[in-house]
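# Notes for the structure review
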Amino acid sequence: APASAATFSAGFLLALIALLASRGLWLRRGRPILATLLVFAAVAARADAVLCLPLLCWASFRGRSWRRFRTLPTFWLMLIAAVAALALGRWLVTDPSTTFYGVFFKPKIFCAYLIFGLGGCALLWLVQFVAIFRASQQRFYWLGALFLALPMMFYSWQLFSPRHLMTTALAVLGCGFMWKGRALFRFWRNREPRVVRYSAIAVLVASVLPLLIGIYLPFTAKPRPVFTRATEFPTADGLWPMGATLSFLNRWRHADEVPVDHNQPVWKAALAADFSGCGPIRPVSIMASDMNAYLRLSVRLQSGDSRVIPWKAIADGKVPCAFIDLRSLCVAGGGVIHPNRERSALALLTENGLGMELVSPLEHGQAIVRVFANGEVDPRIAEYLAVAGLFAGDEFKPAGEILSAVGESAWLAGDRDGGKSLAFSSRAAFSIRGRPAEQKGDWWLLHFSAADLAQIEDVSLDSRAGSNFSIRRWLGVLPDYMSRRALKK
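Figured I'd write up the structure that's included with this text. Please read all numbers here as calculations on a predicted model, not as lab measurements. Each residue is numbered by its place in its chain's sequence as written, counting from 1. In keeping with the model being predicted, local features are shown solely for residues with a pLDDT of at least 70 and side-chain atom pairs are shown and tallied solely at 80 or more, while totals for entire chains, interfaces and linings include all residues. In computing side-chain values, all of the structure's heavy atoms are included and hydrogens and water are not.

The next subject is unusual backbone geometry. Despite not being glycine, Ala-392 has its phi angle at roughly 50 degrees, a positive value. For the purposes of this entry, the term helix denotes a DSSP run of H or I that reaches at least four residues, the term strand denotes a run of E that reaches at least two, and both are numbered from the N terminus. The topology assignment puts Ala-392 in the loop between helix 18 (379-391) and strand 10 (396-402). Summary of the burial criterion: residues with accessible area below 20% of their type's maximum are buried, those above 50% are exposed, and those between are partly exposed, where the area comes from a 1.4 Å probe applied to protein chains only. Note on Ala-392: relative accessible area 26%, which makes it partly exposed. The phi dihedral of Arg-433 is positive, around 55 degrees, even though this residue is not glycine. For Arg-433, a relative accessible area of 42% corresponds to the partly exposed category.

Here's what the structure looks like:
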């Protein structure tokens, strides 16, 4: 839903840029009305569109001072439309999380989003700053630099996804197409033609190269260029590649059969889920999580209504049960409201005596879970709970079962090079490469970090207590240096 809203908002802003940049006579009378409508639609679709408006007004203004600027009705109407859209949105949605995500700044993640999210646009953003300061020393032009930096200033300390850089990209595009941006660039080109020529080449290369070539980075000290399967890093919307973007986008053609990230299997599980487990009570209760929109949409497609509730409502007996996706229960910080976000919600719910059962088939390790008070936990979910402790809140996925004889390899090709943790679980005792599994409840568990795997020539099954029990493999979704523990260092 947020991504769709951002796309609609960006579409309205692009139309506004085209309108303000146009000099057609037929638009003179209708320009203020059209601009007002487009601003209202853009800000109503997504409030952060307002961050682009100061720059668009400044860049489309053909004067050099604020005196004439204050007399233009179009800009005043745009201001009124933006304030009206913000006020209407605040009246309809009072949740502060819709405008503030919480302070989050990790230098490594910020650089990854900036380089692989904006790409050549980030370099063009810097070039535009240089053009503004090199072309004029007037304060009115310095104000334009402040407006150009405004979207980045707002999101740099709460940057959870490259999607949040869309306003920065639109600001750069608007500045480049508007009258003042073109005039400043021409002035700078006449003063320093060689610098401008090299800057243009650098922007072009930085824009095209990441589409074709990416970086495979299983370990921070072992990068190598690739054309496909670049290393992916996490965002609030799913995984995003370190370059080779065209290859990554091509994978979406077959995302139904081979998921790109967790979004596809969670959605398929939601479509196949049976939401009648709580009886005839309506609306259907969906537990608060980062993925609840998928469940709510599935309920709506089944001609039902839904509501989002906190997990405490079940423990306190306010509702008999609720539904949630398995992934949000397993990862730390999955959006489930609980006091300690460093643990998985699955452990928290179990400690509070809540029962859980699957209400959908497992789709690539993802499923929909019904949570209810005073009940048993499905053995399949109990296994996820046990394994989640090994990955310390990081995302993981099942990677097949080992049914082979003692002495055969216990890993798949590529595990050593992937830089990801590998874990094993079974109902019976076993050992791999001389390391015995440890018992946790009904499960025997064994974990190998990426550093462990890099030092072992072969990971083979040494022994197993019973031939009737399978040994399941689990693989971390991200390289170990992207884990929660690594980012804290």
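Attention now goes to the environment of Trp-444. In this fold, Trp-444 is placed in strand 15 (residues 443-448). According to the relative accessible area criterion, Trp-444 is partly exposed, its value standing at 21%. The spatial distance from the C-alpha of Trp-444 to the C-alpha of Ala-428 is 6.2 Å, given a sequence separation of 16 residues. Not counting residues within four places of it along the chain, the set of residues in contact with Trp-444 comprises Phe-424, Ser-425, Ser-426, Arg-427, Ala-428, Ala-429, Phe-430, Ala-437, Glu-438 and Gln-439. The criterion used for residue contact is that any of the two residues' heavy atoms lie within 4.5 Å.

Below, the discussion takes up the state of the cysteines. When the sulfur atoms of two cysteines come within 2.5 Å, that pair is taken as a disulfide. Counting across every chain of the model gives one disulfide. Each disulfide pairs two cysteine sulfurs, and for Cys-278 the partner residue is Cys-321, the sulfurs being separated by 1.4 Å. A residue pair is termed long-range when its members are at least 10 positions apart, and Cys-278 in the loop between helix 13 (263-272) and strand 5 (284-287) and Cys-321 in strand 7 (residues 321-325) qualify at 43 residues.

So, about the nonpolar core. Formed by 60 residues in total, the largest nonpolar core has its most connected members in Leu-13, Leu-16, Leu-53, Trp-58, Met-78 and Leu-148. Every element with two or more residues in this core is listed here: helix 1 (2-21), helix 2 (31-45), helix 3 (53-60), helix 5 (73-92), helix 6 (107-118), helix 7 (120-135), helix 8 (139-155) and helix 9 (166-177). A per-element tally of this core places helix 8 first, with eight residues. Ignoring sequence-local partners within four residues, the contact set of Met-78 consists of Leu-16, Leu-20, Ala-35, Thr-36, Val-39, Leu-53 and Cys-57. Take the buried Ala, Val, Leu, Ile, Met, Phe, Trp, Tyr and Cys residues and link them wherever side-chain atoms come within 4.5 Å; each set so joined is a nonpolar core. Counting residues in hydrophobic clusters, the runner-up holds 32 residues, among them Trp-311, Leu-329, Val-387 and Trp-443.

At their nearest, the axes of helix 3 and helix 8 sit 8 Å apart, and the two run at 145 degrees to each other. Judged by the sense of rotation from one axis to the other, the crossing of helix 3 with helix 8 is left-handed. Packed against helix 3, whose contacting residues are Pro-54, Leu-55 and Trp-58, the element helix 8 presents Phe-140, Tyr-141, Gly-144, Phe-147, Leu-148 and Leu-150 at the interface. Each residue gets one label: Ala, Val, Leu, Ile, Met, Phe, Trp, Tyr, Cys and Pro are nonpolar, Asp, Glu, Lys and Arg are charged, and the others, such as Gly, are polar. For the contact of helix 3 with helix 8, a count of residues per class yields eight nonpolar, one polar and no charged. To get an axis, a line is fitted to the C-alpha atoms, and for a helix only the part in contact is used. The angle between two axes follows their N-to-C directions and goes from 0 to 180 degrees. Crossing handedness: left-handed means the near helix sits turned counterclockwise from the far one by under a right angle, and right-handed means the same turn made clockwise.

Take the sheet that holds strand 16 (residues 461-464) next. Here the rule is simple: two strands pair whenever DSSP picks up at least two bridges between them. With antiparallel pairing, three strands are arranged side by side in an open sheet as 13-12-16. Sheet topology places strand 13 (435-436) and strand 16 at the edges, where each strand pairs with a single neighbour. Sheet topology note: the strand 12 (residues 430-432)/strand 16 ladder contains three bridges and is antiparallel. Bridge assignment links Ser-431 to a residue of strand 16, and that residue is Ser-463.

The five strands are arranged 10-17-11-15-14 in an open sheet whose pairing can be described as antiparallel. Strands with a single pairing partner mark the edges of an open sheet, and in this sheet they are strand 10 and strand 14 (438-440). On average, each strand axis in the sheet is inclined to that of its neighbour by 30 degrees, with strand direction left out of account. Here helix 18 sits on the sheet in contact with strand 10, strand 11 (422-426), strand 14, strand 15 and strand 17 (471-476), set at roughly 35 degrees to strand 15.

On to the pairing of strand 9 (residues 368-373), then. For strand 9, the buried fraction is high: five of the six residues fall into the buried class. In this structure, strand 7 lies alongside strand 9, joined through five bridges in antiparallel fashion. Directly across from Ile-324, in strand 9, lies its bridge partner Val-369. Relative to strand 9, strand 8 (residues 354-358) runs antiparallel, the two being bridged by five bridges. Bridge pairing links Leu-354 to Ala-373 in strand 9.

To continue, consider the packing of aromatic side chains. To describe a pair of aromatic rings, you give the distance between the ring centres and the angle between the ring planes. Aromatic pairs are defined between Phe, Tyr and Trp rings, using the six-membered ring for Trp, whenever the two ring centres lie within 6.5 Å; interplanar angles under 30 degrees are classed as stacked, those over 60 as edge-to-face, and all others as tilted. Tallied over the entire structure, the rule returns 14 aromatic pairs. Relative to Phe-233, the ring of Phe-116 has its centre 6.2 Å away and its plane inclined at 45 degrees; by these criteria the two rings are tilted. Here Phe-116, found in helix 6, pairs with Phe-233, found in strand 3 (residues 232-235); they are 117 residues apart in sequence, far enough to count as distant. The exposure class of Phe-233 is buried, given its relative accessible area of 4%. Cluster of aromatic residues (ring-pair linked, three or more members): Tyr-384, Phe-391, Phe-396 and Trp-474.

Function-wise, these values are silent; they only describe arrangement.
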